[in-house]
Amino acid sequence: MRTLGLIGGMSWVSTRDYYEHLNRGVRRRTTAMASAPLLIESLDFSRLWGLVDQADWDRAAGTLGDSARRLEAAGAQGLLICANSMHKVHDRVAAAVNVPVFHIADCVGAAMQAAGATNAALIGTRNVMTERFYRERLVAHDIDLMPPDLAMADEIDRIIYEELMRGKVTREAERTLKTWITRKQQDGAGAIVLACTELAMIVDIDANVLPVFDSTRIHAAAAVEWMLAED
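Predicted, not measured: the structure shown is a model, and the values here were computed from it. (Residues numbered from 1 in each chain as written. Predicted model: local features only at pLDDT ≥ 70, side-chain atom pairs only at ≥ 80, totals over all residues. Heavy atoms only, no water.)

Enquirer: Can you tell me about the overall build of the protein chain, naming the residues and giving the values?
Expert: Counting its secondary structure elements, the protein chain contains 9 helices and 7 strands. Since a compact globule built from 231 residues should have a radius of gyration of about 17 Å, the 17 Å found for the protein chain is in line with a globular shape. Along the longest, intermediate and shortest principal axes, the C-alpha atoms of the protein chain span 50 × 45 × 35 Å. In the protein chain, which comprises 231 residues, the share counted as buried stands at 52%. (Helix = DSSP H or I, 4+ residues; strand = E, 2+ residues; numbered from the N terminus. Rg over C-alpha atoms; globule rule 2.2 N^0.38 Å. Buried < 20%, exposed > 50% of the residue type's maximum accessible area, 1.4 Å probe, protein only.)

Enquirer: Please provide a residue-by-residue account of the pairing of strand β2 (residues 38-42), values included.
Expert: Taken together, the 5 bridges between strand β1 (residues 4-8) and β2 define a ladder with parallel strand orientation. If you follow Gly8 over to β2, its bridge partner there is Ser42. You can see the chain leave β1, run along helix α1 (residues 12-29) and come back into β2, and the turn it takes is right-handed. (Pairing = 2+ DSSP bridges. Right-handed = clockwise from strand over helix to strand, strands pointing away.)

Enquirer: Can you lay out the domain arrangement of the protein chain for me, pointing to particular residues and giving the numbers?
Expert: Per the domain assignment, the segments of the protein chain are domain 1 (4-103 + 218-228) and domain 2 (105-215). In this structure, domain 1 and domain 2 have C-alpha centres spaced 20 Å apart. Listed by partner, the interface residues are 22 residues for domain 1 and 25 residues for domain 2. The junction of domain 1 with domain 2 conceals about 1,800 Å² of combined surface from both sides, 59% of it contributed by carbon and sulfur atoms. By the criterion of area lost to domain 2, the three top residues of domain 1 are Asn84, His103 and Ile218, representing 43% of everything that side buries. Taken together, the links from domain 1 to domain 2 amount to 2 salt bridges. On the surface where domain 1 and domain 2 come into contact, there are 14 residue pairs in polar contact (both at pLDDT 80 or more). Listing elements by their share of the side of domain 1 that touches domain 2, those giving two or more residues are α1, α3 (90-95) and α9 (215-228). (Domains from an automatic or database assignment. Contact = heavy atoms within 4.5 Å. Buried area = accessible area lost by both parts, 1.4 Å probe. Salt bridge = Lys/Arg side-chain N within 4 Å of Asp/Glu carboxyl O. Polar contact = N/O pair within 3.5 Å; in protein donor to acceptor, adjacent residues only side chain to side chain.)

Next comes the structure, spelled out in C-alpha cells:
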C-alpha cells in the first residue's frame, strides 16, 4: 500500500474520524488484520481558526505548506488536508510538494456524479458555503448547488466551532440540522453535502429524508482507493 500523509488537527475530532475511516476502509478491502500506512501531523488549531483577511489566509497557507513538506520528507506519497475550509489554500499547499494532495470537493463531486446526484444544498462553515473555492469544484462535476443559506450561517458556525470541534454533541444541534435538511428538501434540494468534517456527528448519514454526501467519509474512501491502487 502507498503511504498517506494527513494534515490534521483542524479539528482533532475530525482527524480521529479520518483515522477510523481510513483503517476501516483498508481492512474491508484487504484483510481483518490490516492497518492503513499513515503519517499524521496534528496542527494546533488555535492558531488556524477565525481567519479573516488575506494575511490570515497567507499565514495558514504557509503553515499547511510547511506541514505538507514535512510529511513528504517523512515518506508520505500522497496527502489529505483534513478540513473542508482549509481547502481554500489547497492549490498553494499542493504547489509546495511533489506528491498529490487530494482535494476534498473533487472527491465529493466525483462521488455525487457517480451516484447520479444533480442538485444539492451545501452545508458547512460560512466560507465553504459562500466562497467560490469549494462550490466551483462541485459545479465542475455537473452539480447544481442551491444558493447558500445565509440566514443559518451564523448558527451553523456556532454549532461547528463552539460544539462539534470541541467534541460536544447536543440534541438541540441534531434537531437544528434535521429541520434544516427537511426545509431544503421542501425547497427542492435533491441531496445534501456535509461540507464540514464534523457535521456527521449530528446528522444521520444513512437514514435521512435526502441522500447525504459526507465529505469526510468520501475523502477517506477516495484515499483508500489510491492507497490500494496498483502503480
